[in-house]
Amino acid sequence: DSTFLSQHKQWYQRRVRAKYPGNRRHSLLVAVGEAQLAVVDYDPSSHYFKTRMLYNYEQDDQRQMFLQQTFLPQVRVDSENRSAAMLIYGSRLVVVPLIKPAKNSTDSTHHSYVVDLKKLDEKVNNVKDFQFLHGYCEPTILLLYEPLRTWPGRVAVRRDTCSIVAIALNIRDRVHPIIWSQNNLPFDSLYTLPVPKPTGGVLVFAANSLLYLNQSVPPFGVMLNSLAPQTTDFPLQRQGDHMLTLDNSQAVMMENERVLISLKSGDIYLITLLSDGMRSIKKFSWLKAATSVLTSCLCMATGNYIFLGSRFGNSILLYYQEKSSVTANFLEEQANKKVRLDDDDLDLEIFGNKKEKQDIRLSTYSFEVVDSLMNFSPITQMTVGESPYLSEEYRSNNHHDLEIISCSGYGKNGALSIFQNSVRPMINSTFDLPTVYNMWTIHTDASSSMHSYLILAKADSTLILQTGEDITEVEESGFSTAETTLYVGNIQGYVVQVCPMSILLLQDTTLLHRLELSETISIASICDPFGVVMLMSGVVKLLGVVTKDKKPQLLLTDTSSTHIVCITTYTDESGLFSTDPLEDLTTVPEVVPEAADTSGTKEPDEEELDEDALLYGDSDVLFEGFKNKRNKTAEPKPTHTKTNAEEPGPPLIAQYHNPTHWCLLARDDGVLEIRALPNWDLHYFCKNFAMSPKVLCDSEDHHPSVGSEGIPAVKEICVVGLGWRRQRPYLLTLIEDDFFIYSAFPYSCSSKNSLKMRFSKIQHEVLIKKKKTRGNKLLDMDAHPHYTPKIQCFSNIAGYSGIFLCGDLPYWLFLTTHGALRTHPMYLDGKVTCFAPFHNVNCEHGFLYFSSSDELRVCTLPTTLSYDNHWPAKKVPLRSTPHFVAYHHDTKTYAVCTSTPSLNPMRPSMTNNMDKEEDPIDEDDNFPLPSLNWYSITLYTRDGWEVIPDSRIDFPKYERVTCMKFMQLSGEQMGEQSKGYIVAGTMSSMGEEVSARGKILVFDVMEVVPDPDKPLSGFKFKCLYDKEQKGPVTEIDCILGHIISAIGQKIYVWSFLNNDLVGVAFIDTQIYIHSLSVIKNFVLYADITKSISLLTFDKECKTLSVISRDYEPMEVYRCEFVVDGTNLGFMISDSNCNLVIYSYQPEAVESQGGMKLIRKSDINIGAHVNTFFRTGIRIHDGTILGTTAASALLHPSEKRHVTWLATLDGALGSFLPLSEKKYRRLFMLHNKLVTAVPHVAGLNPKKFRTAKMPGRWLMNPHRNILDYQLLTNFLTLSHTERRELAKQIGTSPSQIVDDLMSIQKSMMIF
């Protein structure tokens, strides 16, 4: 599910689960587009998704009068799994039966159909929400709709416009009678929540009230604030002193008629429904349970878990348990019953007392965070800065330590997000050691986890180094130093050194036994207590340690395996490598709850809850197994079973398996064999392994294949167990120039002696193809006569386990606690020849590697970043909403503009003398006061992101910052010199009665003598200019050392002279300018409704003039230039989630002499883009375009820029211009992959990437932008599929991989 949601998150609108008849697993129902529904199942044979059904109702007769998508589709499933339904176009209901049709039945009861709700009741329109009700014999749907819409400004004229109606679904006869309805509900009704049996009914959540409705039961509702009586005539009761509003709230039903609701402020309340025993709710009990993230969705999970999904902060997983409970006496008066004097006893027996007491159990719960998912949305603005953590060895290679800093989150979940595209090690020391081809770190003391020795293999010798306080060379030892070393490992506590013609057994450095061979060894692998060696002839022998005459000796045993090209060994602890029946592997594991010492402690109160944990998903109360703040795969502490007297806690799955040992062999005919150690029995036989299929399957026919012509060569294989207790086996292999990753998963087969598992290919973007010379020959990068393994495993580097891939472009592969295998490049130091983990007193849980310059680097992995993302990233909590961030290059500091909301009890107005004043809002304590944002600008250090003391600038009330940037300004008195300033634009908005004004502020960041008590107070702001303008300042930028600003519908150019702004030029535009982009003397501006225009600034004549513009109306979010050598394009993002590129071509007929910009390309990315910036590409020498002298040697057509973008959904993207040949080649591949690759849930990338137009435009889409995500699907194809696909477009698979690799390397900047 994580793969589907992460790769296709932009496609779906809503999703739920359902179970089809005869299916043991649940299916996923995904609503796509306007009116499409896909049913997706898990395929146990391929360990992936398969599409069960597709429904499409996007026809004109269903669309009615809607020309654009107004209503998002909603999907619901009946609680008894009888039917599913999808609401489309506001008044159409798609019914999907889930019942099993009768045998030999020819009816269509199992087919989906559409119900026109207006035909059932002509008033049903504008449906807000619908739910399946509980406790009915047939599937029953309740609709919340608003026939005639209103809004808060018309409440005095029209109110109580919402209604509900319950409809029964007779699926067999397709008859849908209306069971009950309720009219005149509050106009601000938002959504509904069905109440389970035995109470039944539905809760209606309105902005200012909460209602309970049920059939044949009097309605009950409570007001939540003093606005409720003013906005509705629905009878409401006043209950408690709570002042709440339920807009943007999320609610979910817990057990025992309890509702958990999360408000827009992040407060979590527990609502208990108090009934009178007659299916009637008479009271709501409210209890504030906790304060958490700003929630976008709530979901109950099994085992007392609650998932809180957030769009503004990290999504968290909570574990709750009942803390205490009290019993309250609930008095309920009997309805008007007439008691006869002569039948008192009989009436008493029938009706009971006049007042009955009912015991109500009110429970309180404790919540604790057990896991979190990092979230970066919404990204409203971003910039590029320098990180101080780059080691000096990297800086000498002309590498710029750039990183992306973005503004993310909202309110108390606001934070700065920092992104890097590569892993940047912290180098502790460097040694010059030429011509080293491989290395190993070994243990000689089983009681210590420290590495004792470092073995370095050269071409014809071996170097032995002892690692302690210092790294020193060992002159005399039992190791063989006169020849190279192929492998070093541990067997039964001894050290084994494998050389080409001998094998040595040592204890510490003492030689115990030396075994000479008559044939050269090619490959060796050890999994304690067994080992395997492969000779040059392809013969495999078993290696073991035996005791003879009380002395350990090495023993080689012959095997029947021949024609082997690659081997590896693996110790399995997951239980997947087993021949037992699958039922034994899939039994429910033992649940071992975590122990908790309850003696002398008490449960925390609400004020004592870890608020940081609830807000940011980082807590010290995490139970074992999840207790790791950086989401690393740390080994948890052992757990034990609780006694009955102990309190229940979060359960842990304790699954233990006896280790088994295996050997994997790749033959020259492309066959993969898996044999058990030490008996060498064959348990897995995959014939087509070298062709890299999507799924590796065991073949029942174990006869060898005939011939090996045309089969790719398998260079290396490796199996490693990752994750908690190494429960996730992965198979990694190098086949020619391609790197593939397979994940093992259980699968039942008929053969008793076969392993009950398969391997599924994992999609990734790791490209390791070597460089080519002009003669089209591969460079000889491996001069060593023996093959040096490139796949290196590690178990604990800074708490992470994974794989390091050596080569020209090294990669890290981390398996995080969330089960995702993350790949991160490390390109700062070029080629890495060999790698080894290293744990030492001076380098704890670090690693070693040799760079391309023959330097041994002793490094540690930076722990300030989280590697559980597509890019290494971290978040800096601000507890306020960030709006802008600017990097001051001169002082290496960051200026951050934030806002903090607060309640405003005043109402601004204008007097008769045109003076501004404020009047107090005269309301009671339960009146929801409006919120007002207070803006400020603060200076931060780049080292630890700490606030510089006394650097905060607070803005007045009602004044908000609309733009802020760092600018290099120059004046006439400065000549050609320029200086950096922080320039901000503001606007003051006090309502409709007061005209809006704005300011331009220029700040200088000055370096001062720090206060001894405040060592960080070395910089402060100095305001050089602060004056009011004629209108609101909506955008600013820098052009040729001047300030260009947009004030309403005018654009001004200012010169900063003598701490004052002097007007240089101006121009009148259209309606409202909110985005400016400048390159040299060209200005691109975006209007809020009138698309974009291109201007030019003449510095000599001091004029702004229009070059061209787009005349089509378009709501633009942001605009930016696209640099393609000598060509210049103009990119915009619009309100329909499109990216559109325009060009200026005055020679074209359709440009009307250059007055009109020509639309060249467009693509839909499924999210709104609110920020752009450009950088130069990464050129052949590894540096960024424009930063070194090598950039001047490039042809002008090769000087391209990468346009980076960020979406409000928290995604980063990039746009790169391509050469014509490369584009044509990839364009044909792009079109082929649309149909050649199966897409999950029938999601067609061509349709989705087509630009969306509002209504029906008389314009064809321009599909000239390639989707790189779709192109990378070529890497997951098998060798045969690659060859066939490349043949269809007239090229080779090698050329396509080269094109993809050049694109990938060009964008490796951060």
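Draft legend 1. Seen up close, the overall build of the chain. From N to C terminus, the chain includes 13 helices and 85 strands. The burial tally for the chain puts 55% of its 1310 residues in the buried class. Considering only contacts within the chain whose residues lie at least 6 apart along the sequence, 57% involve residues at least 24 apart. Just so you have it, the chain exposes about 58700 Å², and 49% of that area is on carbon and sulfur atoms.

Draft legend 2. Structural context of the packing of aromatic side chains. Per the counting criterion, the structure on display carries 40 aromatic pairs. Taken together through their ring pairs, the aromatic side chains of Phe794, Tyr800, Phe804, Trp812, Phe814, Phe835, Phe847, Tyr849 and Tyr867 make up a single cluster. Lying over the aromatic face of Phe130, Arg76 brings its terminal NZ or CZ to 5.3 Å of the ring centre. The ring of Tyr747 has Arg758 sitting right over it, with the charged end atom 3.8 Å from the ring centre.

Draft legend 3. Focus on unusual backbone geometry. For the bond from Ser377 to Pro378, the omega torsion is -10 degrees, close enough to zero to count as cis. Positioned with a positive phi, Ser1091 is a non-glycine residue whose angle comes to about 60 degrees. For Ser1091, the position within the fold is in the loop between strand E76 (1082-1087) and strand E77 (1092-1098). Here Ser1091 falls in the buried class, since its relative accessible area comes to 1%. Of note, the phi angle at Cys1137 is positive, near 65 degrees, even though the residue is not glycine. As for its placement among the helices and strands, Cys1137 is situated in the loop between strand E80 (1127-1134) and strand E81 (1138-1143).

Draft legend 4. Representation of the side chain of Gln131. As for its position among the elements, Gln131 is in strand E9 (residues 127-132). Residue class for Gln131 comes out buried when judged on its relative accessible area of 15%.

Draft legend 5. Broad picture of the sheet that holds strand E10 (residues 140-145). Strand order in the open sheet made by the four strands is E9-E10-E11-E12, with antiparallel pairing throughout. With partners counted over all chains shown, the strands left at the sheet margins are E9 and strand E12 (178-185), one partner each. Strand-to-strand, the axes of this sheet are offset by a mean angle of 15 degrees, without reference to chain direction. The pairing of E10 with strand E11 (residues 162-168) spans six bridges and is antiparallel.

Draft legend 6. Main features of the nonpolar core. If you look at the biggest cluster of nonpolar residues, it comprises 42 residues, and the most contacted ones within it are Leu732, Phe739, Trp812, Phe835 and Leu861. Taken together, the elements giving at least two residues each to this core come down to strand E49 (714-722), strand E50 (728-735), strand E51 (738-746), strand E53 (791-797), strand E54 (800-805), strand E55 (811-815), strand E57 (832-840) and strand E58 (843-851). Discounting residues that sit within four places of it in the chain, Leu732 has contacts with Glu716, Ile717, Cys718, Val720, Phe739, Phe740, Ile741, Ile791, Ile803 and Leu813. Counting residues in each nonpolar core, the second largest holds 39 residues, with Phe376, Ile379, Ile1179 and Ile1296 among its members.

Draft legend 7. Just the confidence of the model for the chain, in detail. Residue-level pLDDT values for the chain average 83, and 85% of them are 70 or greater. Of the regions scoring below 50 in pLDDT, residues 584-609 engages in 50 contacts with residues more than four places distant in sequence or in other chains.

Draft legend 8. Looking closely at the packing of helix H9 (residues 1220-1236) against helix H13 (residues 1293-1306). Packing of H9 against H13 leaves a shortest axis separation of 11 Å and a crossing angle of 110 degrees. Judged on the interaxial angle alone, H13 and H9 are roughly perpendicular. Between H9 and H13 lies a crossing whose hand is left-handed. Contacts between H9 and H13 involve Lys1222, Arg1225, Leu1226 and Leu1229 from the first element and Gln1295, Ile1296, Asp1299, Leu1300, Ser1302 and Ile1303 from the second. Taken together, the residues that form the contact of H9 with H13 break down as five nonpolar, two polar and three charged.

Draft legend 9. Spotlight on the sheet that holds strand E7 (residues 92-97). Pairing within the open sheet is antiparallel, and its four strands lie in the order E5-E6-E7-E8. One side of each edge strand has no neighbouring strand; the edge strands of this open sheet are strand E5 (74-77) and strand E8 (113-116). Along the sheet, successive strands turn relative to each other by an average axial angle of 25 degrees, direction set aside. Taken together, the six bridges between strand E6 (residues 83-88) and E7 define a ladder with antiparallel strand orientation. Bridge assignment links Ala84 to a residue of E7, and that residue is Val96.

Draft legend 10. Molecular detail of empty space enclosed by the protein. Tallied over the full model, the rule gives eight cavities of 30 Å³ or more. Approximately 170 Å³ is the volume attributed to the largest cavity. Forming the walls of the largest cavity are 17 residues, and the residues nearest its centre are Ser387, Tyr389, Gln420, Thr864 and Leu865. Partitioned by chemical class, the residues of the lining of the largest cavity number eight nonpolar, three polar and six charged.

Draft legend 11. Broad picture of helix H12 (residues 1279-1288). Those residues of H12 not exposed but buried are Arg1282, Leu1285 and Ala1286. With its buried residues spanning 100 degrees around the axis, H12 presents them on a single face.

Draft legend 12. Structural context of the pattern of salt bridges. Taken as a whole and judged by the stated rule, the model has 41 salt bridges. When the shortest N-O distance is used, the salt bridge between Asp1298 and Lys769 registers 3.2 Å. Of the two residues, Asp1298 is situated in helix H13 and Lys769 in the loop between strand E52 (757-761) and E53; the sequence distance between them amounts to 529 residues. Overall, Lys769 belongs to the buried group, its relative accessible area being 6%. Here Arg1174 ties to Glu1120 by a salt bridge, and the two come within 3.2 Å at their closest N and O atoms. Taken together, the residues span a long stretch of sequence, with Arg1174 in strand E83 (residues 1169-1176) and Glu1120 in strand E79 (residues 1116-1124) at a distance of 54 residues. Under the relative-accessibility criterion, Arg1174 is labelled partly exposed at 24%.

Draft legend 13. Layout of the pairing of E50. Where burial is concerned, most of E50 is hidden: seven out of the eight residues are buried. Note that E49 and E50 share eight bridges and pair antiparallel. Bridging from a neighbouring strand, Val714 pairs with Ile735 of E50. In textbook terms, the turn of a hairpin is the stretch between consecutive antiparallel strands, and for E49 and E50 this stretch comprises five residues, one of which, Gly723, has a positive phi near 85 degrees. As paired elements, E50 and E51 share six bridges and run antiparallel to each other.

Draft legend 14. Local environment of the environment of Val983. For Val983, the location among the structural elements is in strand E68 (residues 979-988). For the pair Val983 and Ile1043, spaced 60 residues apart in sequence, the C-alpha separation works out to 8.8 Å. With sequence-adjacent residues up to four places away left out, Val983 is seen in contact with Cys963, Met964, Lys965, Met967, Leu969, Ile1000, Leu1001, Val1002, Ile1036 and Ile1043.

Draft legend 15. How the structure looks around a negative patch on the surface. The grouping of Asp922, Glu923, Asp924 and Asp925 at the surface amounts to a negative patch. By the element assignment, Asp925 lies in the loop between strand E64 (916-920) and strand E65 (931-941).

Draft legend 16. Quick look at the environment of Phe835. For Phe835, the location among the structural elements is in strand E57. As a C-alpha pair, Phe835 and Phe850 span 15 residues in sequence and 6.8 Å in three-dimensional space. Residue contacts for Phe835: discarding those within four places in its chain leaves Met439, Gln792, Phe794, Ile797, Phe804, Cys806, Trp812, Phe847, Leu848 and Tyr849.

Draft legend 17. Main features of the environment of Phe1097. Along the polypeptide, Phe1097 turns up in strand E77. On the basis of relative accessible area, Phe1097 is assigned to the buried category, the value being 1%. Sequence separation between Phe1097 and Val1083 is 14 residues, and the spatial gap between their C-alpha atoms is 7.5 Å. For Phe1097, the residues in contact, after removing those within four places along its chain, are Ile1039, Leu1040, Val1053, Val1064, Ala1065, Asn1081, Lys1102, Thr1103 and Leu1104.

Draft legend 18. Up close: H9. Its 17 residues place the ends of H9 24 Å apart at the C-alpha level, agreeing with the 24 Å of an ideal helix rising 1.5 Å per residue. Burial in H9 covers these residues: Lys1222, Tyr1223, Leu1226, Leu1229, His1230, Leu1233 and Val1234. Buried residues of H9, seen end-on, are gathered within an arc of 145 degrees and therefore sit on one face of the element. Across H9 from its buried face, at more than 90 degrees, point the exposed residues Lys1221 and Thr1235. Along its buried surface, H9 packs onto helix H10 (1245-1249), helix H11 (1268-1271), H12 and H13.

Calculation rules
- Sequence order as written defines residue numbering, which begins from 1 separately in each chain.
- Local features in this predicted model are restricted to residues whose pLDDT is 70 or higher, and side-chain atom pairs enter the listing and the counts only when it is 80 or higher, whereas totals over whole chains, interfaces and linings include all residues.
- In computing side-chain values, all of the structure's heavy atoms are included and hydrogens and water are not.
- Secondary structure is summarised from DSSP: a helix means a run of H or I of at least four residues, a strand means a run of E of at least two, and numbering begins at the N terminus for each.
- The rule is simple: take the accessible area with a 1.4 Å probe, protein chains only, and divide by the maximum for that residue type; under 20% is buried, over 50% is exposed, in between is partly exposed.
- Note on contacts: a residue pair qualifies if any of its non-hydrogen atoms lie within 4.5 Å across the two residues.
- Only the protein chains shown count as covering a residue, and every accessible area follows the Shrake-Rupley method with a 1.4 Å probe.
- The rule is short: rings of Phe, Tyr and Trp, with Trp giving its six-membered ring, pair when the centres are within 6.5 Å, and they are stacked under 30 degrees, edge-to-face over 60, tilted in between.
- The criterion is that NZ of a Lys, or CZ of an Arg, lies within 6 Å of the ring centre and within 35 degrees of the ring normal, and then a charge sits over that ring.
- Note on pairing: DSSP must find at least two bridges between two strands before they are called paired.
- Lines fitted to the C-alpha atoms define the axes, with helices restricted to the stretch that makes contact. Angles between their N-to-C directions range from 0 to 180 degrees.
- Think of a nonpolar core as a cluster: buried Ala, Val, Leu, Ile, Met, Phe, Trp, Tyr and Cys residues, connected wherever their side-chain atoms sit within 4.5 Å.
- Summary of the metric used: pLDDT quantifies the predictor's per-residue confidence within the range 0 to 100.
- We call two directions roughly parallel when the angle between them is under 35 degrees, roughly antiparallel when it is over 145, roughly perpendicular when it lies between 65 and 115, and oblique otherwise.
- Helix crossings fall into two classes, left-handed where the near helix is turned counterclockwise from the far one by less than a right angle and right-handed where it is turned clockwise.
- Any residue that is not Ala, Val, Leu, Ile, Met, Phe, Trp, Tyr, Cys, Pro, Asp, Glu, Lys or Arg is counted as polar, Gly included; the first ten are nonpolar and the last four charged.
- Only protein atoms enter the 1 Å grid used here. Points where a 1.4 Å probe fits but cannot escape make up a cavity, open sets with protein on both sides within 12 Å along at least five of seven lines make up a pocket, and a residue lines them when an atom lies within 4 Å of a point.
- Grid points are joined across faces, edges and corners, and a volume is the space filled by probe spheres set on the points.
- Arc definition: it is the arc formed by the directions from the helix axis to the C-beta atoms.
- Note on definitions: salt bridges are taken to be side-chain nitrogens of Lys or Arg within 4 Å of carboxyl oxygens of Asp or Glu.
- Here, patches come from residues exposed beyond 30% relative accessible area and free of salt bridges, joined within 9 Å for like charges and within 5 Å for nonpolar side chains (Val, Leu, Ile, Met, Phe, Trp, Tyr).
- In this charge count, Lys and Arg are treated as positive and Asp and Glu as negative; neither His nor the chain ends contribute.
- Think of each charge as sitting on NZ of Lys, CZ of Arg, CG of Asp or CD of Glu.
- For a helix, the expected span equals 1.5 Å multiplied by the number of residues minus one.

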